[in-house]
Amino acid sequence: MLPKYLYSKVEWQEKNNHIIHSLDFNGTYTNEFFSISYNSLDSISYYDIYLKQSIKIVSISTFYSYFIPEESVIFCNGFQSWTHSREFKTNERLLSYFPLAKKFSFPYGDRILHNYSNKSGEFHGWGYGYVRTHESSLFIGSLDERQGHTLLKFNVRKGSIELKKEVQITKSNEESSIGKHFIQTGSLEYVFKEWFKKLNLKFSFNKTVFGWTSWYNYYTSINEKIITHNLESIQKFDEIKFFQIDDGWQKSVGVWEVDEKKFPKGLQVITQRCVEL
């Protein structure tokens, strides 16, 4: 069963004004600034928008009604590598802080981008997600991330799904399509294949792979000794195929040069050791 469209919400800014205006509408809406309409065809939903004046469209949200059974699981795609990507039971809740990160008093992942409800049965992810039962899966995925992130919110108690898309439309007297996303039901392999087709990408359904990353163990507190020690230590685990050095190797964010205090021999020595192993 596909979700039922309920209503939409658009946010915009007038020229030379930082105030963000917002309004809810059902299907179509027009005012002195723009005209917008919701469209759905062949598993693809999107909006046609026409700007009458020089304003900035900030985001477009789509609200759906969808019953989420208790026995189902919800997959939430994490924000980059900052939050977990996994399936959640419907009675679980998302934590706004990773336990170790909270100890060191800095936010884990996407807390600065989205407010956590800290309530069970309320989940969010980025780009794509699905609700899976034994019989079938409901998949929702963005078809265009060039203008900004796509936030997906699942609410088990309310039986609702919200898809919020960041957009950056500013040209007046020009029609654009925004907020394009894909909705499909079926087996996981089927829905992913169909999504990849819409994205014009080659599909591959690989087995789970395992790897090691410095982020969840040390965050930015890494150096040559720590990385080398872990690289040598994981050799006893045959299932580990990837070794990732995350944030902390550079002098600062934006200055992508190796911090010579942390890595006096540079990173080439470590990468060469990876090749040898």
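Residues numbered from 1 in each chain as written. Predicted model: local features only at pLDDT ≥ 70, side-chain atom pairs only at ≥ 80, totals over all residues. Heavy atoms only, no water.

1. Thoughts on the overall build of the protein chain
What counts is decided by this rule: Secondary structure elements are taken from DSSP: a helix is a run of H or I of four residues or more, a strand is a run of E of two residues or more, and numbering for both begins at the N terminus. A 1.4 Å probe rolled over the protein chains alone gives each residue an accessible area, and that area as a share of the maximum for its type sets the label: buried under 20%, exposed over 50%, partly exposed in between. Any pair of residues with heavy atoms lying within 4.5 Å of one another is described as a contacting pair. The method behind every accessible area is Shrake-Rupley, applied with a 1.4 Å probe, and residues are considered shielded solely by the protein chains displayed. Note that His is not counted, nor are the chain ends; the positive residues are Lys and Arg, and the negative ones are Asp and Glu. Every charge is mapped to an atom, namely NZ of Lys, CZ of Arg, CG of Asp or CD of Glu.
A tally of helices and strands in the protein chain yields 5 helices and 18 strands. The principal-axis extent of the C-alpha atoms belonging to the protein chain is close to 60 × 50 × 40 Å. Taking all 277 residues of the protein chain together, 43% fall into the buried category. Counted over contacts in the protein chain with a minimum sequence separation of 6, partners at least 24 positions apart contribute 59%. Within the structure as shown, the protein chain displays about 16,400 Å² of accessible surface, and the carbon and sulfur contribution to it stands at 50%. For the protein chain, the distance from the average position of its 34 positive side-chain charges to the average position of its 31 negative side-chain charges is 3 Å.

2. A word on the sheet that holds strand S14 (residues 175-186)
Rules: Should DSSP find at least two bridges between two strands, the strands are regarded as paired. The convention used is that axes are lines fitted to C-alpha atoms, helices contributing only their stretch in contact, and that angles between N-to-C directions extend from 0 to 180 degrees.
Here 8 strands make up an open sheet; going across it, the order is S3-S4-S5-S14-S11-S10-S7-S8 and the pairing antiparallel. If you trace the sheet from one side to the other, it starts and ends with strand S3 (28-30) and strand S8 (86-89), each paired once. On average, each strand axis in the sheet is inclined to that of its neighbour by 15 degrees, with strand direction left out of account. Pairing between strand S4 (residues 34-41) and strand S5 (residues 44-51): 8 bridges, direction antiparallel. For serine 40, the partnering residue across the bridge sits in S5 and is serine 45. Helix H2 (residues 188-198) contacts S5, strand S10 (128-132), strand S11 (137-142) and S14 of the sheet and is inclined by roughly 160 degrees relative to S14.

3. Some points on the packing of aromatic side chains
Spelled out, the test is: Each pair of aromatic rings taken from Phe, Tyr and Trp, with Trp reduced to its six-membered ring, is defined by centres within 6.5 Å and is described as stacked if the planes are under 30 degrees apart, edge-to-face if over 60, and tilted in the remaining cases.
Overall, the coordinates contain 26 aromatic pairs when judged by the stated rule. The interplanar angle of 10 degrees and the centroid separation of 5.1 Å between the aromatic rings of phenylalanine 75 and tyrosine 130 together place this pair among those described as stacked. In this pair, phenylalanine 75 is assigned in strand S7 (residues 73-76) and tyrosine 130 in strand S10, connecting sequence segments 55 residues apart. Neither residue differs from the other here; phenylalanine 75 and tyrosine 130 are each classed as buried. Geometrically, the ring pair formed by phenylalanine 139 and tryptophan 195 is tilted, given 4.9 Å between the ring centres and 50 degrees between the ring planes. Note that phenylalanine 139 is positioned in strand S11 and tryptophan 195 in helix H2, a separation of 56 residues in sequence.

4. Some remarks on unusual backbone geometry
At aspartate 42, a position not held by glycine, the phi torsion is positive, near 55 degrees. Assignment of secondary structure puts aspartate 42 in the loop between S4 and S5. By relative accessible area, which is 57% here, aspartate 42 ends up exposed. Even without being glycine, tyrosine 219 reaches a positive phi, approximately 55 degrees. Mapped onto the secondary structure, tyrosine 219 falls in the loop between helix H3 (215-218) and helix H4 (224-233). Of the residues examined, tyrosine 219 reaches a relative accessible area of 4% and is grouped as buried.

5. Here we look at the sheet that holds strand S9 (residues 122-126)
Taken together, the 6 strands give an open sheet; going across it, the order is S2-S1-S6-S13-S12-S9, and neighbouring strands pair in antiparallel fashion. A single partner strand is all that each edge strand has here, and the edge strands are strand S2 (20-25) and S9. Along the sheet, successive strands turn relative to each other by an average axial angle of 15 degrees, direction set aside. For strand S6 (residues 55-65) and strand S13 (residues 160-169), the ladder comprises 8 bridges, and the chain directions are antiparallel. Its bridge partner lying in S13, tyrosine 64 is registered against isoleucine 161.

6. Comments concerning H4
What counts is decided by this rule: When we speak of the arc, we mean the arc of directions from the helix axis to the C-beta atoms. Nitrogen and oxygen atoms within 3.5 Å of one another constitute a polar contact, given that in protein one can donate a hydrogen and the other can accept it, and given that sequence-neighbouring residues count only through two side-chain atoms.
When H4 is considered as a whole, its buried residues turn out to be Glu224, Ile227, Asn230 and Leu231. An end-on view of H4 places all buried positions within 145 degrees of arc, on one side of the element. In H4, the exposed positions that point more than 90 degrees away from the buried face belong to Lys225 and His229. For H4, the N-terminal capping position is held by asparagine 223, with its side-chain oxygen 3.1 Å away from the main-chain nitrogen of lysine 225.

7. Let's talk about the side chain of glutamine 13
Locating glutamine 13 in the fold gives a position in strand S1 (residues 4-14). Only 3.0 Å separates the side chain of glutamine 13 from the backbone oxygen of histidine 18, close enough to count as a polar contact.

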